Amino acid sequence: MERLNHSSRRDAFGSKINRTSSPLLMVGVPWLTIMLASLAPMLPVIALAPVLPPFAYIMLLAWRLLRVNVLPLWAGLPLGLFDDLLSGQPIGSAILLFSITIIAIDLMEIRFPWRSFWQDWLTGSLFISAYLIISALVSGADLSLVQLRLIVPQLLIAIVLFPLASRLVSVLDRLRLLRVRRLA
Amino acid sequence: MPPSGNRSGNNRKAQLGLFAGYLAASVGAILGALLLVISLMKPETFSGLRSMASDVTAPIGQTGAATRVGTRNIFEAIAGYYDAGSKNAALEEEIAIARVRLAEAEAAKRENARLKAALGLMQQNPENIAAARLIGSTSASARRFGYISTGREDGVTPGMPVTSPMGLVGRVLESGRHSSRILLLTDSESMVPVRRAGDDLVAFAEGRADGTLRIRLINLGINPVEEGDVFVTSGAGGMFRPGVAVAMATEITEDGAIAQLLSNPAATDVVIVEPIWEEDLLKTMAKPVVNEDDPG
């Protein structure tokens, strides 16, 4: 007999028969990838000026914009703390900014439930700009107004990188929902 | 992208859950703000927590650090291909200058040795505390910290100078068990007393956070600094031993110069942790001054 629906047994997430997603992957992948991004200061790049984008924050934004429910609302506290321990920022800066971002995106989701790629990029760029500027201001560094231009190259790299990060997150999301658990 | 539908609707339980979520997020934000205020006022408060984190993650950095030498950094490696020609010419000129400088330094060294011998002083070279790899830096933050792969177990304590064969790199800020956080010279909170190599023009070298240093002369007046002048540590303050190369002036300003670092940490693999030069002096300076002649 001819099969009517070709995705009835199998789709992008694997076999539909006798398989289901693993709760470990579903919860763990976003947390793990954001924390991995927090380890960027341990990359073998000794920078004389801030040049690398804030990877952990970009990952958080990308996850939050792709799937608003994947991280709980309180996730900013543990993720921010972990980021602060290595990033060189005073402890509390990422906790505060991550938490505010999570709330802000939640409110934005209520206002704009349907979004396009360009709108997400714009949102991401605005959030990244605000994050970098506030981070620089509260970093404890003695920065004059002239030296705030320091973050401009970093900001541009981060904005250009954001769609790539979103793309990476959507691939990771596919991994997250992979049906790997065998039902008894 | 379709809406994710996390709204509660009329479901009482879902409404409460959502409310609790917002509450938790706000508490997180407020907690973050409080911690931020504390750590800005007392930066050393959470040093234990931070060194623990760097201890745990240091092995990751160490594996990568070995591959870094020679590649400097991402952008330099790529940029190197484009301006190789002009760089070559500039380098040749620099070498010619450097040869002269070397001869001058030799002469000064000989004279130094002669004078020291005349005074009966011993040539003192401080024993190094430890050699370590530079494993990472805070490349996304406006602060300039680095991580090195040695810590308290090797006797590293906060305040110790960190040098490379090319010159001064920074000083230890926090030491964990087997990793330490160092303040790089280019951090805006870093200040090193320096003097011009060759004479006793004293100045301070401040970090500008963008990879250069700002040389500020102590005696203001006519600015005698010229482009290409090399500054070395003066030993004032007792933390850094005198005579370690720091920076070369590249741009003259009103009260000094903008200088390039001589020991680019990006091209440095192994660094050496030296003991604090005159620890006793530092301790004495930390104590309040008491007039000994004062009766009672």
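Residues numbered from 1 in each chain as written. Chains lettered and ligands numbered in written order. Predicted model: local features only at pLDDT ≥ 70, side-chain atom pairs only at ≥ 80, totals over all residues.

### Some words on the overall build of chain A
Quick note on the threshold: Runs of E in the DSSP output that reach at least two residues are strands. Runs of H or I that reach at least four are helices, and both are numbered from the N terminus. For the purpose of contact definition, each residue receives a C-beta atom placed from its backbone, and two residues are in contact when these atoms lie within 7 Å.
The number of helices and strands found in chain A is 6 helices and 4 strands. Taking the principal axes of its C-alpha atoms as reference, chain A extends roughly 75 × 30 × 30 Å. When contacts within chain A are restricted to residue pairs at least 6 apart in sequence, long-range pairs at least 24 apart make up 75% of them.

### Here's the deal with the nonpolar core
Cut-off, in case you're wondering: Structurally, a nonpolar core is described as a collection of buried Ala, Val, Leu, Ile, Met, Phe, Trp, Tyr and Cys residues joined by way of C-beta atoms within 7 Å. The burial label depends on the number of other C-beta atoms within 10 Å of a residue's C-beta. Counts of 20 or more mean buried, 12 or fewer mean exposed, and intermediate counts mean partly exposed, with C-beta atoms placed from the backbone.
Among the nonpolar cores identified, the biggest contains 105 residues, and Ile58 and Met59 of chain A together with Ala205 and Val246 of chain B are the most heavily contacted of them. Per-element accounting of this core gives the leading share, 10 residues, to helix H2 (residues 55-66) of chain A.

### Some details on the environment of serine 164 of chain B
Residue and element names in this part refer to chain B. Along the polypeptide, serine 164 turns up in strand S3 (residues 161-164). According to the C-beta neighbour criterion, serine 164 is buried, with 21 such atoms within 10 Å. Remark: the alpha-carbon pair of serine 164 and isoleucine 148, spanning 16 residues in sequence, is separated by 12 Å. Discounting chain neighbours no more than four positions away, the residues touching serine 164 are Val169, Ser263, Thr268 and Val271.

### Some remarks on the sheet that holds strand S1 (residues 130-137) of chain B
Strand-to-strand pairing in sheets goes through backbone hydrogen bonds, with the strands running parallel or antiparallel. Residues and elements named next belong to chain B. Formally: Strand pairing requires that DSSP identify at least two bridges connecting the strands. Axes here refer to lines fitted to C-alpha atoms; in helices the fit is confined to the stretch in contact. Angles between the N-to-C directions go from 0 to 180 degrees.
Read around the closed barrel, 6 strands run S1-S2-S5-S4-S3-S12, paired in antiparallel fashion. Averaged over all neighbouring strand pairs, the angle between strand axes comes to 45°, with direction disregarded. Pairing analysis gives 4 bridges linking strand S2 (residues 145-148) to strand S5 (residues 180-184), with the strands arranged antiparallel. Pairing of tyrosine 147 across the sheet is with arginine 181, part of S5.

### Some details on the domain arrangement of chain B
Stated formally: Segment limits for the domains were obtained from an automatic or database-derived domain assignment.
Taken domain by domain, chain B consists of domain 1 (83-119) and domain 2 (130-277). Measuring from the centre of the C-alpha atoms in domain 1 of chain B to the corresponding centre in domain 2 of chain B gives 20 Å.

### Looking at the interface of chain B and chain A
Operational definition: For this scheme, ten residues count as nonpolar: Ala, Val, Leu, Ile, Met, Phe, Trp, Tyr, Cys and Pro. Four count as charged, namely Asp, Glu, Lys and Arg, and the remainder, Gly too, count as polar.
In this assembly, 55 residues from chain B lie in contact with 54 residues from chain A. Counting only elements with at least two residues in the side of chain B that touches chain A, the list comes to helix H1 (12-41), helix H2 (47-68), S1 and S2 of chain B. Per element, the largest residue contribution to the side of chain B that touches chain A is 14 residues, and it comes from H1 of chain B. For the side of chain B that touches chain A, the class distribution of residues is 28 nonpolar, 21 polar and 6 charged.

### Describing the confidence of the model for chain B
Residues and elements named next belong to chain B. Here is the rule we go by: pLDDT is defined as a per-residue confidence score from the predictor, taking values between 0 and 100.
Taken as a whole, chain B shows an average pLDDT of 80; of its residues, 81% reach a score of 70 or greater. At the level of individual helices and strands, chain B shows its lowest average pLDDT in helix H3 (residues 74-82), which scores 58, and its highest in S5, which scores 91. Taken together, the chains of this predicted complex give a pTM of 0.80 and an interface ipTM of 0.83.

### A few points about helix H6 (residues 151-176) of chain A
Residues and elements named next belong to chain A. We count it as follows: Working definition for bend: take the seven residues up to and ending at a residue and the seven starting at it, fit an axis to each, and measure the angle between the axes.
Of all the bends in H6, the largest measures some 40° and sits at phenylalanine 162, one to four residues before the proline proline 163. Every buried residue belonging to H6 is among Ile151, Gln154, Leu155, Ala158, Phe162, Ala165, Ser166, Val169 and Arg176, and all of these are buried. Elements in contact with the buried residues of H6: helix H1 (23-38), H2 and helix H5 (117-138).

### Remarks on the pairing of strand S7 (residues 202-207) of chain B
All names here are of chain B. Note: strand S6 (residues 191-196) against S7, 5 bridges, orientation antiparallel. Bridged to valine 192 within S7 is alanine 205. In this structure, the hairpin formed by S6 and S7 is closed by a connection of 5 residues, where glycine 198 is found at a positive phi of approximately 110°. Hairpin geometry of S7 and strand S8 (residues 212-217) is characterised by an intervening segment of 4 residues between the two adjacent antiparallel strands and by a positive phi of about 70° at alanine 209.

### Overview of unusual backbone geometry
Backbone geometry places asparagine 18 of chain A, a non-glycine residue, at a positive phi of 65°. With respect to the element layout, asparagine 18 of chain A can be found in the loop between strand S2 (14-15) and strand S3 (19-21).

### As for the packing of helix H3 (residues 76-87) of chain A against H1 of chain B
Filter applied, for reference: Angular relationships are summarised with four words: roughly parallel below 35 degrees, roughly antiparallel beyond 145, roughly perpendicular across 65 to 115, and oblique for the angles in between.
Axis separation between H3 of chain A and H1 of chain B bottoms out at 9 Å; the angle between their running directions is 30°. The orientation of H3 of chain A with respect to H1 of chain B, classified from their angle, is roughly parallel. Across the interface between the two elements, Gly76, Leu77 and Gly80 of chain A of H3 of chain A pack against Ala25, Gly28, Ala29, Leu31 and Gly32 of chain B of H1 of chain B. Grouping the amino acids of the contact of H3 of chain A with H1 of chain B by side-chain chemistry returns 4 nonpolar, 4 polar and no charged.

### Quick look at the confidence of the model for chain A
Per-residue confidence for chain A gives a mean pLDDT of 89, with 98% of residues at or over 70. Across chain A, H2 of chain A holds the top mean pLDDT of 94, while strand S1 (residues 10-11) of chain A sits lowest at 83.

### Comments concerning H3 of chain A
Residues and elements named next belong to chain A. Which entries qualify depends on this criterion: One fewer than the residue count of a helix, multiplied by 1.5 Å, yields its expected span.
The end-to-end C-alpha distance of H3 is 15 Å, a good match for the 16 Å that 12 residues give at a rise of 1.5 Å each. Counting buried positions over the 12 residues of H3 gives 11, a clear majority of the element. Of all the positions in H3, only Gly76, Leu77, Leu79, Gly80, Leu81, Phe82, Asp83, Asp84, Leu85, Leu86 and Ser87 are classed as buried. Glycine 88 lies just past H3 and shows a positive phi near 95°.

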